Amino acid sequence: MAIRTMDHLLHYSELPIKRAVPLALALMHVSDPEYTVVDQLSRLSHHEDEQVSQNAIMGLGLISAGTNNSRVAGLLRGLSEFYAKEAGQMFCVRIAQGLLHMGKGLITLAPYHSDRLLLNGPAISGILTFLYTCLDMKATLLDKVRSASETEGRDEACESPPPLPRSAC
């Protein structure tokens, strides 16, 4: 039902909302690469709007985080060839590949424990912080690289969600 709602938002809404839909899909399926979601995000990764495609690529990385999913790995390899000359998309593909192969398949970012009964607060806050920075990538992640001494006293550092061993989930 939620995927159908997101599909309606993609077809009938304005561009700022379309830019957030891939991230919303990723939030609903963190470290859980369902076939329908992977298919939707792979279609969005070729969208004509640059930010929609970047968000879809980051969404692919987030839904496959720590799974070593071979289908998503193939999609990301294809995207790296497709976007070889575009620096922003290529950077997003590299981040997504890093998330996919995180911990060689032994670590997850899923914020739920015990059959989705308990929610890990720090994990969801880290994921939401990451998704918030992805809403405007040109000003955050794709901006010039800053050293640690330049960012002192600013809230530019993104806290990372605590990766958990898959056996703990």
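Residues numbered from 1 in each chain as written. Predicted model: local features only at pLDDT ≥ 70, side-chain atom pairs only at ≥ 80, totals over all residues. Heavy atoms only, no water.

1. Quick word on the side chain of T108
Here T108 is to be found in strand β1 (residues 107-108). Polar contacts involving the side chain of T108 include one to the main-chain amide nitrogen of A110, which spans 3.1 Å. (Helix = DSSP H or I, 4+ residues; strand = E, 2+ residues; numbered from the N terminus. Polar contact = N/O pair within 3.5 Å; in protein donor to acceptor, adjacent residues only side chain to side chain.)

2. Notes on the pattern of salt bridges
According to the stated counting rule, one finds three salt bridges in the structure shown. With a shortest N-O distance of 3.0 Å, D39 and R43 are connected by a salt bridge. Taken as a pair, D39 and R43 lie in helix α3 (residues 35-44) at a separation of four residues, close to a single helical turn. With its nearest N and O atoms 3.4 Å apart, the salt bridge here joins E50 to K138. Of this pair, E50 sits in helix α4 (residues 50-63) while K138 is found in the loop between α7 (121-134) and β4 (164-165), placing the two residues 88 residues apart along the sequence. Using a relative accessible area of 33% as the deciding quantity, one classes E50 as partly exposed. (Salt bridge = Lys/Arg side-chain N within 4 Å of Asp/Glu carboxyl O. Buried < 20%, exposed > 50% of the residue type's maximum accessible area, 1.4 Å probe, protein only.)

3. Here we look at unusual backbone geometry
Positive phi outside glycine occurs at S31, with the angle close to 55°. Within the secondary structure, S31 sits in the loop between α2 (15-28) and α3. Given a relative accessible area of 9%, S31 falls into the buried group. Non-glycine residue N68 carries a positive phi angle of around 55°.

4. Quick word on α3
If you check which residues of α3 are buried, you get V37, V38, Q40, L41, S42 and L44. Lining the buried residues of α3 we find α1 (2-12), α2, α4 and α5 (70-82). (Contact = heavy atoms within 4.5 Å.)

5. A word on the packing of aromatic side chains
Taken as a whole and assessed by the stated rule, the structure comprises one aromatic pair. Taking 4.9 Å as the distance between ring centres and 80° as the angle between the ring planes, the aromatic pair formed by F82 and Y83 counts as edge-to-face. (Phe/Tyr/Trp six-rings, centres within 6.5 Å; stacked < 30°, edge-to-face > 60°.)

In short, shape yes, function no, at least from these values alone.
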